[in-house]
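Here are the chains, one letter per residue:
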Amino acid sequence: MPRSRHTPQVNSHVSHHPPLALGTGPNASKFALTHDELRIERGADRKWPELHVPLRNVLWAGLDNDAFELSVLVKPSGKSFLTLLHVTGTVTDADRPPAADFAHALMAAAYPGIRPHRRLKVFVNPKSGPGKAAALYRKKIEPIFRAAKCDVDVTFTTRGKQAQEACETLPLGRYDAVVVMSGDGLIHEVWNGFAAHAAPARAFRTPVTPIPSGSGNALAINLLGLDNARDISAAALNAIKGRPMAVDLFSLTQGDKRYISFMSQAMGIMADLDLGTEHLRFMGGQRFIFGFLYGVMRHRACPVKVSLKVAHADKRKMVQDMHASRAQAQAAHAARAAEPAEPPVEEEAAAAAAAAGAGPAETLLPPPKYSAADTDGWITFDRPFLYVYAGKGPYVGGDLMQFPVSLPNDGFIDVALQERTSRGAMLKALDGAQAGEHFWGETQHYFKAHAYRVEPYTSKGWLAVDGESFPLEPFQVEVLHGLGTVLSMYGCYQAEFDLPHEKP
């Protein structure tokens, strides 16, 4: 019987609700609620005679004239991805009151403290990754949103910056979330559009949620986990039922220009493997592996001067703090799910930001805290590195957990400086890259910082910001604590990382 790997929220009242029986004889259907799932028995259905559906996967239940209608996401036996399933049952006049009562109870249990019928602004980039986003949206995502009775306004982008320009004038309060079906580049556009909005801080309270269709899909992996990020139906479910979670964003200044970054800034081999493989997008995420191997072969260093306003440098303590913060976030998320109220998403997003210590939304973006003249409490490295990599979120792609101790809203940016080492050591590090094992390497300096700045000694090379190409010129990055909002089913990043096993 299909079961989800999600851990559903428990509702202590639904297990006492009487089951619903519709029809008689071989065409009879029976529906029963437990504290965590919906059980369906339909003997005449050879493909789905019995189903156990987690309440989280219930999209809709209700009456339509003489029919009881139900839409759920199920995972067929032996399959990895969720499938949309519609179930109907004939309702007689005598069945109508209990059927209506059951549908009401089921919807309350399936949307605990969440308003159904979300209003979604959707951006689809048909050219992202392998170029299948538009077809996948129409085939998989649109039917799920329709089944959940969502109010959807979709734009298929036809040029660069189109989503950014649309978000600069996004009518605040009109949408419960912005859904991005693309890679991470279009998410970068959305948040930079919010930065140019007439009320930017309030615009940033509009949750942004990804449906992965690019090459890297880092934000989707961090929010959903490696397995679920491969399933765009799971990402659609997160858009429908995820709760607002505050995330730190970054202010990047270069010359007289200021940008918003949400994921990463990379120089050296890590920028080369991304921007240097743009012509290989047809390979999907495998292009990054190819780019890394090519970079190891070239073994070229990145001559830079890096200065950091360091907050923490003890790797073991970072892991311990990460576990403590994660447990606290999961408990707070569960407590919010148990509340009976259904606040508007914007109010819930503001509450999530306040809980993260971000403070109230202001009319303008927070001004920069640090200038190039600041040196008090900063440390400086003035030597070549194989790469400089800084960001938010454990995964930067499906094959690399670059920032394993990153937290959504701790107020810091994680910075990794990789010393020059042998080609053999770099290739060996590739084996444990998905598990973040390079974090413990002696040649990798790892910091949690309030801010950092970089002065390149050459203009030849790449600077990748959220996967987008920027001039290789001096720049500074600082944290905008809790400014952004995403949707999460869990209240924390979905990445497992721990202290290494002690050798006997």
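Thresholds applied
Residues numbered from 1 in each chain as written. Predicted model: local features only at pLDDT ≥ 70, side-chain atom pairs only at ≥ 80, totals over all residues. Heavy atoms only, no water. Pairing = 2+ DSSP bridges. Helix = DSSP H or I, 4+ residues; strand = E, 2+ residues; numbered from the N terminus. Axes fitted to C-alpha atoms, helices over the stretch in contact; angles between N-to-C directions. Contact = heavy atoms within 4.5 Å. Buried < 20%, exposed > 50% of the residue type's maximum accessible area, 1.4 Å probe, protein only.

Asks: Summarise the sheet that holds strand β5 (residues 58-64); cite the residues concerned and give the values.
Replies: Ordered by their spatial adjacency, 3 strands build an open sheet running β5-β6-β7, and the pairing between neighbours is antiparallel. The open sheet has two edge strands with one neighbour each: β5 and β7 (83-90). Across the sheet, the mean angle separating the axes of adjacent strands is 15° when strand polarity is ignored.

Asks: For the environment of Ser 80, give the residues involved together with the corresponding values.
Replies: Tracing the backbone through its elements, the reader meets Ser 80 in the loop between β6 (67-74) and β7. Considered as a pair, Ser 80 and Arg 230 are 150 residues apart in the sequence and their alpha carbons are 8.8 Å apart. Leaving out residues up to four positions away in the same chain, Ser 80 has contacts with Lys 75 and Asp 231.

Asks: Can you explain the environment of Lys 428? Please cite residues and give values.
Replies: Mapped onto the elements of the fold, Lys 428 is located in helix α12 (residues 423-431). With a relative accessible area of 65%, Lys 428 lands in the exposed category. When the C-alpha positions of Lys 428 and His 438 are compared, they lie 9.4 Å apart, and in sequence the two are 10 residues distant.

Asks: Break down the environment of Ala 338 for me, citing the residues and quoting the values.
Replies: Within the fold, Ala 338 resides in helix α10 (residues 315-338). A relative accessible area of 62% means that Ala 338 is categorised as exposed. Residues Ala 338 and Gly 113, 225 residues apart in the sequence, show an inter-C-alpha distance of 7.0 Å.

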